[in-house]
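# Analysis of the macromolecular model
Spelled out, the chains give:
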Amino acid sequence: MPPSPSFPLPQGVDRILFDAETIARRVGELGAAITGDFLGKPLTVVAILQGGALFMADLIRRIHLPLQIQSISVASYHGGTTSSGTVTFLQNGLPDVSGRHVLLVDDVLDTGRTLHAIRHRLASECLPLSISLAVLLSKRIDRPVPIEAQYVGFEIDGEFVVGYGLDYAGDYRNLPFVGTLSPSILP
Ligand code: 5GP
Ligand code: MG
């Protein structure tokens, strides 16, 4: 159940942007579109950890096709609220996706550097048939790298958001909604 307007928000969160019901509805629409687009194709859905884990878990249950799942673990924020500009791969090796269509799933497209770097490594090292991107959120900003997601849940402004996989210093990932943080707790 999404919190009602009188539900006390967790400390530090000042506004709900997308409640659980709204997210579930949109994830269902994305799942239906993906189902149509990948019918009859070998599909591997790759979550970008940690943030993409919740979105992937919900999304794959709305994709009515045989598929496989994998994950890639990266760090790009290093604890703050602005992208550090460097993408660190936190695992040795990459998933085996050769001969398969890949759908990369992440929480939010911000500068795009993370998905750009991952897509580049997968394309050059893993021989997938294709790589598509699905993000729950896409920020309306000028991106420093050429990148576009084929499946976008919601467009948002450049603000920093938490919940539904998105963290601030490791916290808030388990909130069932996406919200903004009170300016008082931000650095
Ligand atoms: P990008 O490389 O596109 O700048 O950043 C992508 C990653 O940065 C996302 O996967 C996410 O982990 C993190 N990120 C970007 N914007 C936000 C935000 O508003 N809130 C949180 N919690 N993480 C974000
Ligand atoms: Mg992330």
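A brief report on the enclosed structure follows. (Residues numbered from 1 in each chain as written. Chains lettered and ligands numbered in written order. Predicted model: local features only at pLDDT ≥ 70, side-chain atom pairs only at ≥ 80, totals over all residues. Heavy atoms only, no water.)

## Considering the sheet that holds strand β8 (residues 161-162)
Taken in spatial order, the 3 strands make up an open sheet running β1-β9-β8, and their pairing is antiparallel. Sheet topology places β1 (13-18) and β8 at the edges, where each strand pairs with a single neighbour. Judged from the 4 bridges that link them, β1 and strand β9 (residues 178-181) form a sheet pairing that is antiparallel. Pairing of Ile16 across the sheet is with Gly179, part of β9. (Pairing = 2+ DSSP bridges. Helix = DSSP H or I, 4+ residues; strand = E, 2+ residues; numbered from the N terminus.)

## Digging into the pairing of strand β6 (residues 130-139)
Consecutive side chains of a regular strand alternate in pointing toward one face of the sheet and then the other. With 9 of 10 residues buried, β6 is to be regarded as a mostly interior element. In this sheet, β6 lies alongside strand β5 (residues 101-109) in parallel orientation, the contact comprising 8 bridges. Across the sheet, Val102 pairs through a bridge with Ile131, a residue of β6. Note: β6 against strand β7 (residues 151-156), 5 bridges, orientation parallel. Residue Lys139 lies in a different strand from β7, and its bridge partner there is Ile156. (Buried < 20%, exposed > 50% of the residue type's maximum accessible area, 1.4 Å probe, protein only.)

## Quick notes on helix α1 (residues 20-37)
With 18 residues, α1 should reach 26 Å at 1.5 Å per residue; the first-to-last C-alpha distance of 26 Å fits that figure. Listing the buried residues of α1 in full gives Ile23, Val27, Gly28, Leu30, Gly31, Ile34 and Thr35. (Expected span 1.5 Å × (residues − 1).)

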